[in-house]
Amino acid sequence: MVLSAHDKSNVKSVFGKIGGQAEEFGAETLERMFAAYPQTKTYFPHFDLGKGSAQVKGHGKKVAAALVEAANHIDDIAGALSKLSDLHAQKLRVDPVNFKLLGQCFLVVVASHHPALLTPDVHASLDKFLCAVGTVLTAKYR
Amino acid sequence: MVHWSAEEKQLIASVWGKVNVEECGAEALARLLIVYPWTQRFFDNFGNLSSPTAIIGNPKVRAHGKKVLTSFGDAIKNLDNLKVTYSKLSELHCDKLHVDPENFRLLGDILIIVLAAHFTKDFTPACQATWQKLVGLVAHALAHKYH
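To start, this report covers the structure provided alongside it. Small disclaimer: the values here were computed from a predicted structure and weren't measured. (Residues numbered from 1 in each chain as written. Chains lettered and ligands numbered in written order. Predicted model: local features only at pLDDT ≥ 70, side-chain atom pairs only at ≥ 80, totals over all residues. Heavy atoms only, no water.)

1. Quick look at the overall build of chain B
Working step 1: When helices and strands are counted, chain B shows 8 helices and 0 strands.
Working step 2: N-terminal to C-terminal, the α/β element order of chain B is α-α-α-α-α-α-α-α.
Working step 3: A globule of 147 residues ought to have a C-alpha radius of gyration of about 15 Å, and chain B, at 15 Å, matches this closely.
Working step 4: Summarising its shape, the C-alpha atoms of chain B cover approximately 45 × 40 × 20 Å along the three principal directions. (Helix = DSSP H or I, 4+ residues; strand = E, 2+ residues; numbered from the N terminus. Rg over C-alpha atoms; globule rule 2.2 N^0.38 Å.)

2. Overview of helix α6 (residues 87-96) of chain B
All names here are of chain B.
Working step 1: Of all the residues in α6, the buried ones are Ser 87, Ser 90, His 93 and Cys 94. For α6, the arc enclosing every buried residue in end-on projection is 130°, short of the 170-degree limit, so these residues lie on one face. Turned more than 90 degrees away from the buried face of α6 sit Lys 88 and Lys 96, all of them exposed.
Working step 2: His 98, located one to two residues past α6, shows a positive phi value of around 55°. (Buried < 20%, exposed > 50% of the residue type's maximum accessible area, 1.4 Å probe, protein only. Arc of directions from axis to C-beta.)

3. Things to note about the environment of Asn 103 of chain B
Working step 1: Mapped onto the elements, Asn 103 of chain B comes out in helix α7 (residues 102-119).
Working step 2: Polar contacts involving the side chain of Asn 103 of chain B include one to the main-chain carbonyl oxygen of Asp 100 of chain B, which spans 2.8 Å. (Polar contact = N/O pair within 3.5 Å; in protein donor to acceptor, adjacent residues only side chain to side chain.)

4. A short note on the state of the cysteines
Residues and elements named next belong to chain B.
Working step 1: According to the stated counting rule, one finds 0 disulfides over all chains in the structure shown.
Working step 2: Of all cysteine sulfurs in the structure, the one in Cys 24 sits closest to Cys 127, which takes part in no disulfide; the separation is 12 Å.
Working step 3: For Cys 127, a relative accessible area of 2% puts it in the buried group. (Disulfide = S-S within 2.5 Å.)

5. Comments concerning the interface of chain B and chain A
Working step 1: Chain B puts 21 residues into the contact, and the matching count from chain A is 20 residues.
Working step 2: Carbon and sulfur atoms supply 62% of the area buried between chain B and chain A, which totals about 1700 Å² over both sides.
Working step 3: Our enumeration of links across chain B and chain A arrives at 0 salt bridges.
Working step 4: Counting across the chain B and chain A interface gives 9 residue pairs in polar contact (both at pLDDT 80 or more).
Working step 5: Those elements that place two or more of their residues in the side of chain B that touches chain A are α2 (21-35), α3 (52-57), α7 and α8 (125-143) of chain B. (Contact = heavy atoms within 4.5 Å. Buried area = accessible area lost by both parts, 1.4 Å probe. Salt bridge = Lys/Arg side-chain N within 4 Å of Asp/Glu carboxyl O.)

6. Brief notes about the packing of helix α2 (residues 22-36) of chain A against helix α6 (residues 97-113) of chain A
All names here are of chain A.
Working step 1: Contact geometry for α2 and α6: axes closest at 8 Å, N-to-C directions at 120°. Overall, the two elements α2 and α6 adopt an arrangement that is oblique. The crossing of α2 and α6 is right-handed. In this structure, α2 contributes Glu 24, Phe 25, Glu 28, Thr 29, Leu 30, Arg 32 and Met 33 to the contact, and α6 contributes Leu 101, Leu 102, Cys 105, Phe 106, Val 108, Val 109, Val 110, Ser 112 and His 113. (Axes fitted to C-alpha atoms, helices over the stretch in contact; angles between N-to-C directions. Parallel < 35°, antiparallel > 145°, perpendicular 65-115°, else oblique. Left-handed = near helix turned anticlockwise from the far one by under 90°.)

7. Focus: the pattern of salt bridges
Side chains that carry opposite charge are capable of pairing whenever their charged atoms lie near each other.
Working step 1: One pass over the structure, following the stated rule, counts 12 salt bridges over all chains.
Working step 2: The partner of Asp 86 of chain A in a salt bridge is Lys 140 of chain A, with the nearest N and O atoms 2.7 Å apart. Placement of Asp 86 of chain A in helix α5 (residues 82-92) and of Lys 140 of chain A in the segment after α7 (120-138) is noted, with a sequence separation of 54 residues between them.
Working step 3: We classify Lys 140 of chain A as partly exposed; its relative accessible area is 38%.
Working step 4: Of the charged contacts in the structure, one is a salt bridge between Asp 80 of chain B and Lys 9 of chain B, with a shortest N-O distance of 4.0 Å. On the criterion of sequence distance, the pair formed by Asp 80 of chain B in the loop between α4 (59-77) and α5 (82-85) and Lys 9 of chain B in helix α1 (residues 6-16) is long-range, its members being 71 residues apart.

All we've got here are geometric facts, nothing functional implied.
Here's what the structure looks like:
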């Protein structure tokens, strides 16, 4: 799966329009993921996962920042997320299936806040991008 | 035996009551074919699927999308009996249509995104969670008779 020039342009445009909301979107993505896929909470036993949790907000900010970073370096996502990839492989070891779940929730957040932005064409590009990020983050697992 | 809380049933009914089945079904199927183009393999006889515009405007896609989502309505009327409700359809998808059940999961996720775009902030995390549960169970019921 390869990101075409058109995909890259779509992704950059999405993140351009989301702008400063990225952090808020990161937090909401996690909130939705924990609600829809309770098994994902098993990676956060040390967190308060209640509504409005500062820890979830903080972590959502980190997740969003990583997505923004990947979008800003979309020609070399592996390079941009190399350290994060190491972290996930060596320390976090989040099962690969969960990246799809996060991706789904991120798409839902974008769809619910910016429905007009997520045309089918943009949806396809963003889905591919999120898959690519997940692939990079799990690339060094074995 | 699946359990649905009163709140979940309410969240399902309130969303479904406001869904235009034809529009929503058409959009969900179109997005499936656009976002996951390999799903087009089941629709060789649908004519022009060469671009997102072609897919969205394709009358066979619209008609089939409406058919699929209308069937989804049956699930909602039979929340406690999904496997029985979808028994024949499951056999059909296995024996005649030869559809990999993964496609049911893909379509379910796409439907969620279409609902999110339609209902925006009303599509709360609780609402999404309930609907993810529903689409997951529908996919499971449709795969149940596979052999």
